[in-house]
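Chain by chain, the residues:
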Amino acid sequence: MLTPFAYVRPASLQDAVAALTEGNAHIHAGGTDLLGCLRDEVFGADRLVSLAALGDLAGLRETRDGGLDIGAMTTITDIAAHPLVQRRYPGLAQAAGEVASPQLRNQGTLGGNLCQKPRCWYYRGDFPCLRKGGHKCFAVNGENEYHCIFGGANCFIVHPSDIAPALVSLDAEIETAGPSGGRRLPVSQLHMPPEQDPTRETLLKPGEVIVKVHVPPAPAGLYSSYRKVRTRRSWDFAVAGCALALVMDGDRVRDCRVVLAAAAPIPWRSPETEQVLRGQTLDDAVIRKAAKAAVANARPMTKNAYKIPLFEGMLLEELRKAAQV
Amino acid sequence: MADNETDIEGQPRIAPDAGAADDARPWGEQTRVVGNRRPRVDAWERVSGAAVFPSDLVLPGMLHAAVLGSPHANARVTAIDTSRAERMPGVYAVISRNTPEANPDWDYFSAHSGKLFYDHCRFEGDAVAAVAAQSPYQAHDALRAIQVEYEILPFVSDELEALKPGAPEVHSGGNRAGTQTYARGNIEQGFSEADLVLEQRYRTASEMHTPLEPHGCVARWDGDSLTVWESTQGVYAVQSKIADVLKLPLSRVRVIGHYVGGAFGSKLRTDKYAIIAALLARRVNRPVKLFMTREQTLLTQGNRPPATMTVKAGVKKDGTLTAIQFSGIGASGAYKAGGTSLLDWLAKDLYRCANVSTELTDVYINAQPARPFRAPGYVQCSWAMEQMMDALADGLGMDPVELRLRNIPAGTQARDDKPYTTDGLRLCIEQGARAFGWQEARAAAAQHSKGHLQRGVGMAAANWYAGDGGPPSTVIVRLYADGTANLNMGASDIGTGTKTVMAMVVAEEFGVDPDAVQIEHADTGTTQYATPSGGSKTVPTEAPAVRRACLAVKSQLLDMAAQQLGRPREEIVFDGDHLRTTDGLESLAIRELDRLRKQKVVVGVGQRQSNPQGVSITPFAAQFCEVEVNTLTGEVRLLRMLGSNESGRVINRLTWDGQLIGGITMGVGYATTERRVLDGPTGKLCNKNWHDYKLPTTLDVPAEVISEPIMLTDEQANIVGAKGLGEPVTIPTAGAIANAVAHALGMRLYDTPINPVTLIERVAAREA
Ligand SMILES: Cc1cc2nc3c(=O)[nH]c(=O)nc-3n(C[C@H](O)[C@H](O)[C@H](O)COP(=O)(O)OP(=O)(O)OC[C@H]3O[C@@H](n4cnc5c(N)ncnc54)[C@H](O)[C@@H]3O)c2cc1C
């Protein structure tokens, strides 16, 4: 049950930033993640600062350089359905389209998706885990089938977002506003590795608000895709996912980014896979090697070793698809 | 559904109802209303939101209650301090073991009785204290302010661990909650006659009850009379439990349950919440509403227990089964609650086999007590037995349909070989296979497989022991002067369309539209006793009583017509809403009967008669399924399913098909997504919400689900010719899916659920 909190809806970004700097304040965007966390008593809030009145924060705009700006308050549905996104960055459109369920996509926003809390059942349940200021990660000796195979260190969550890996694969940046001004930051540097701080999910500072995401222009030959495997076909988080952004030169991979979802506490770039692919022709031998490389350094826990063949198989399937284009 | 057979077969026999025509004839082929596709009589109420479910109810002055549950798998409450909670704004009452006057005896239907708020909480979520407050938020704030000290005790949450020596004891005396054996023929001889013997272990995970409307009620006292509005399958079952625990006469407890937002066996009985609501309401002298949170429904409101089953079966080259040996371990939970209830029934009853032995072990674990769950035992057993049948067919090189057809029994072998009243099992398998295109699909599966996308086709069959229904049930039908009617019955409509089906029965008899039938039901204050709606017995129990009540009315109408027309009774027959003479010369509408116009109403009472002796009235089912398995990711896509059911007469084709689609949907969840996860180190429930406990979504159900009813009437069964359907529709689903997946992969998975998490390692290991 929700505990009491104050609710404010500032009319300007400045006021919003100001309202966030006092007490235990949280940004309320679509509320689909935040209200669940409050209701489940994962954390508390004295004040919710709604961004709903900040019209400028919603919508997609093509930028002068041929890239795309997506406001933080843009709904996930709007991203998935946008013709420009579908045409230039199909991987992003696919990732957005695979999020949750239609209702949640209509209500959930881009900013909220990037900043959502992990879905670990120990973190969300009544376990005093490390991420909540406790002393240990309960997944280590517990039910860790949905936990990470990379980057675990002290806390073994997987990052729940489908959109973040797609944005990392496209080399997107966020733009923020905050008490000490704004900044730009690659999405690949937004999320906090647990070994640095297991109690935070992002590197945003107190009071810092994501204003928009900038996706750079699609280079010629860009092939992007997002693939998600889950145990049911809607309203479900990934058990494995991958975002591919391959810059093709004929059938040769000129450059690439391969980002795994549900693999690690943060969207997980796979330099091993990228290295195999870069400069190579996408033939089956390369594809097999690349898929294998993705999991070569995985460190499964007691109950999630299945993720190794799963990621490998999924990458095989996705890279073969890419090779057929 | 009832826990054991005697609940159904041991009913008292009821004398023929006064006034009912004892010459009640079956309807025959020609029916006007019965057999149609009829939308729900309460469709508008349900769709518009006008229907008041118990959880919607708001009464003047009503308070909201909440229950504090133990957060530990096994703990002793050593101290409770509620003083801070009591002083919080809006809080009216706090009860716990510190309020002995509000802590009656309570037992979880087992020998281990205790108190409502018991010192020893043997499962997570068991009640420790409860609060009534002005708002639900205040009630929950107050729960947070209650200080409880627990002594945390060792626990065991896995039924196999629980049986090992040295395992923590849930109750002193060991964790065996019960054992049961059954044997017929000579099992050793059976195996020695076999050309092929296979043995395999199977496991089904616990499936949790989580109906859309959580469990709960609103309680209100008027003086020393209590009224409870509860989301329940049976108002009379709630009434007797409350009366029993609170030591009230039945006449002081009225239970009303007009709408129920899903139940599936979990609301056959009430639970602590009804007692708590009543106690709080009495303390504060106001109505109190208490509904479980979603987490509490998942923690405390029942489950289909996990099962570990070993099947050893022998078969001759020609497909004749010679021996079936079945052993099953199930977990009741912290109190005895049918952990192995009906678990071996399909093994001993579905296919013809002379030599059978079964052995069941029910186990205590530190988790909530199990509850009946849509075809208890059968769904688990089907997973094992139907996979074993396919494995035997594979071993013999025989088609799985053919193997089953060679082992169709003529009667119920587990119940004294009583002959079945129909050849339903054969009909379901044959007609279903034909309609599905079994042979073609099976043969074409390999051809339709492309690379890592492998096609498979599978099937499974079932019967269900309790689809006959039976007494007691008493129904009253009133016919008004204008020819419309009021139907008064005790049974609940748990969302299956009971009201609609019964209105159709009345409409058939009086020649009116079902909308002309007013229904009064599920209220112990105004209706007659009925058993809970469960066990797939509601239609075969209530519909005959409803029809008999109508016939009792019609018998009186015949007298009236005879008098009015000056003809002997024998010369008058019903024709829709008219009565006419057999010579066709005279006819008069029911509403033109002088006597009826004067006396304004004719009342008929109908009672459910006993079932015929010496036969077994059993519904049958078969399901067929086509899947595509991605061998790179372990994803299973269900392409299409077909369900053929023989449940006697189809009264309403829409509600029939609705049951099938719902049953298949539930089976899809059982086969592919649902699984209770208890944390190893703490025993606590990990997946206590709807994103972690994964019910199937519409996208998980195949786009093509075909219903193929066997169109017959089972006229020996009862005077409407219908048998139960609600459980047979879900029994074979998971086994059919498992068989289709095995056909696709050429490799079997023995544990539920089947999805990428459980499948991919096995497939990858084989490919490597
Ligand atoms: C049942 C369920 C299933 C889901 N399945 C998926 C899935 O499959 N894939 C997936 O990717 N996601 C999934 N989600 C998550 C969903 O996408 C997010 O809840 C949603 O995107 C959050 O957006 P929101 O606007 O509602 O955020 P809110 O709930 O309002 O906020 C979420 C968090 O982000 C912070 N925040 C919001 N906006 C900003 C901003 N502009 N700057 C800084 N911080 C901000 C908030 O303070 C809060 O901590 C699921 C959620 C649910 C409830």
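It should be noted that the structure appears before, not after, this text.
Below or above, wherever it landed, is the structure these notes cover. (Residues numbered from 1 in each chain as written. Chains lettered and ligands numbered in written order. Predicted model: local features only at pLDDT ≥ 70, side-chain atom pairs only at ≥ 80, totals over all residues. Heavy atoms only, no water.)

### Quick notes on the overall build of chain A
What counts is decided by this rule: Helix and strand definitions here come from DSSP, where helices need a minimum of 4 consecutive H or I residues and strands a minimum of 2 consecutive E residues; each element is numbered from the N-terminal end. Only C-alpha atoms enter the radius of gyration, while the globule expectation follows 2.2 Å times N to the 0.38, with N the number of residues. Contacts are assigned to residue pairs that have any heavy atoms within 4.5 Å of one another. What sets the accessible areas is the Shrake-Rupley method with a 1.4 Å probe; for residues, cover comes only from the shown protein chains. Think of it this way: Lys and Arg go in the positive column, Asp and Glu in the negative one, and His and the chain ends go nowhere. Lys charges are placed at NZ, Arg charges at CZ, Asp charges at CG and Glu charges at CD.
Secondary structure summary: chain A contains 12 helices and 12 strands in total. Taking 20 Å as the expected radius of gyration for a compact globule of 325 residues, we find that chain A reaches 19 Å, a close match to that expectation. The C-alpha extent of chain A, read off along each of the three principal axes, is 60 × 50 × 35 Å. Residue pairs in contact within chain A that sit at least 24 positions apart in sequence constitute 64% of those at least 6 positions apart. As displayed, chain A has an accessible area near 12800 Å², and 51% of this comes from carbon and sulfur atoms. Each charge class in chain A can be summarised by its mean position, and for the 37 positive and 34 negative side chains these summaries are 2 Å apart.

### Digging into the site of the ligand
Residue and element names in this part refer to chain A. Selection rule: Put simply, a residue is near a molecule or strand once any heavy atom of it comes within 4 Å of that molecule or strand. Throughout this description, a polar contact denotes any pair of N or O atoms lying within 3.5 Å of each other; where both atoms belong to protein, one of them has to be capable of donating a hydrogen while the other can accept it, and for residues adjacent in sequence the pair is counted only when both atoms sit in side chains. Basically, the charged four are Asp, Glu, Lys and Arg, the nonpolar ten are Ala, Val, Leu, Ile, Met, Phe, Trp, Tyr, Cys and Pro, and anything else, Gly included, counts as polar. For each domain, the first and last residues come from an automatic or database assignment.
The ligand sits among 32 residues. The nearest are G30, G31, T32, T109 and D162. In this structure, A29 approaches the ligand through a main-chain N or O atom, which is 2.8 Å from an oxygen atom. Considered on its own, the ligand offers 960 Å² of accessible surface; in the complex 95% of this is hidden by protein. Listing elements by their share of the shell around the ligand, those giving two or more residues are β2 (25-28), α7 (110-115) and β8 (209-215). Here the shell around the ligand takes four residues from α7, the largest share from any one element. Classifying every residue of the shell around the ligand gives 16 nonpolar, 11 polar and five charged. Formed jointly, the shell around the ligand draws a minimum of three residues from each of two domains, domain 1 (1-49) and domain 2 (222-323).

### Re the pattern of salt bridges
Basically, it comes down to this: Counted as salt bridges are all cases of a side-chain nitrogen of Lys or Arg within 4 Å of a carboxyl oxygen of Asp or Glu. Summary of the burial criterion: residues with accessible area below 20% of their type's maximum are buried, those above 50% are exposed, and those between are partly exposed, where the area comes from a 1.4 Å probe applied to protein chains only.
Scanning the entire structure with this criterion turns up 73 salt bridges over all chains. With a shortest N-O distance of 3.6 Å, A:R227 and A:E318 are connected by a salt bridge. Here A:E318 lies in helix α12 (residues 307-324) and A:R227 lies in strand β9 (residues 222-229), a separation of 91 residues in the sequence. In this structure, A:R227 and A:E318 share a single accessibility class: buried. Here B:K723 ties to B:D714 by a salt bridge, and the two come within 2.9 Å at their closest N and O atoms. Each member of the pair, B:K723 as well as B:D714, is classed as buried. Within the structure, one salt-bridge network assembled from shared partners comprises A:D69, A:E173, A:E175, A:R184 and A:K212.

### Notes on helix α13 (residues 424-436) of chain B
Residue and element names in this part refer to chain B. Quick reminder of the rule: Take the residue count of a helix, subtract one, and multiply by 1.5 Å to get its expected span. Directions from the helix axis toward the C-beta atoms define the arc.
The end-to-end C-alpha distance of α13 is 17 Å, a good match for the 18 Å that 13 residues give at a rise of 1.5 Å each. What α13 keeps buried is the set G424, L425, C428, I429, G432, A433 and F436. Along the long axis of α13, the arc covered by the buried residues comes to 150°, so they all point the same way. Lining the buried residues of α13 we find α12 (400-405), α14 (438-448), β22 (453-463), β30 (620-630) and β31 (636-646). A positive phi of about 75° marks G437, the residue just after α13.

### Considerations on empty space enclosed by the protein
Residue and element names in this part refer to chain A. To be explicit about the condition: Using a 1 Å grid laid over the protein atoms alone, points where a 1.4 Å probe fits but cannot get out form a cavity; open sets with protein on both sides within 12 Å along at least 5 of 7 lines form a pocket; any residue with an atom within 4 Å of a point counts as lining. Grid points are joined across faces, edges and corners, and a volume is the space filled by probe spheres set on the points.
Applying the stated criterion to the full structure yields nine cavities of 30 Å³ or more. Each pocket or cavity is described by its volume, and for the largest cavity that value is around 280 Å³. Forming the boundary of the largest cavity are 20 residues, of which R119, Y146, V158, F237 and A238 lie nearest the centre.

### Considerations on the nonpolar core
Residue and element names in this part refer to chain B. To keep it simple, the criterion reads: Here, the term nonpolar core denotes a set of buried Ala, Val, Leu, Ile, Met, Phe, Trp, Tyr and Cys residues that are joined through side-chain atoms within 4.5 Å.
Formed by 92 residues in total, the largest nonpolar core has its most connected members in Y378, I429, F624 and V627. Considering every element that reaches this core, the biggest residue donor is helix α11 (residues 378-396), with 10 residues. If you look at the next biggest cluster of nonpolar residues, it comprises 62 residues, including A162, A278, L290 and Y335.

### Notes on helix α11 (residues 284-296) of chain A
Residues and elements named next belong to chain A. Along its 13 residues, α11 runs 18 Å from first to last C-alpha, staying within 8% of the 18 Å computed at 1.5 Å per residue. Taken residue by residue, α11 has V286, I287, A290, A291, A293, A294 and V295 as its buried positions. Where α11 is buried, its residues meet β11 (252-261), α10 (271-277) and α12.

### Digging into the sheet that holds strand β6 (residues 120-121) of chain B
Residues and elements named next belong to chain B. To keep things clear, this is the line we draw: Strand pairing requires that DSSP identify at least two bridges connecting the strands.
Strand order in the open sheet formed by three strands is β6-β2-β8, and the pairing between neighbours is antiparallel. In the strand order of this sheet, the two ends are held by β6 and β8 (147-152), each with one partner. Pairing analysis gives two bridges linking strand β2 (residues 75-81) to β6, with the strands arranged antiparallel. Residue pairing across strands places A75 opposite C121, the latter belonging to β6.

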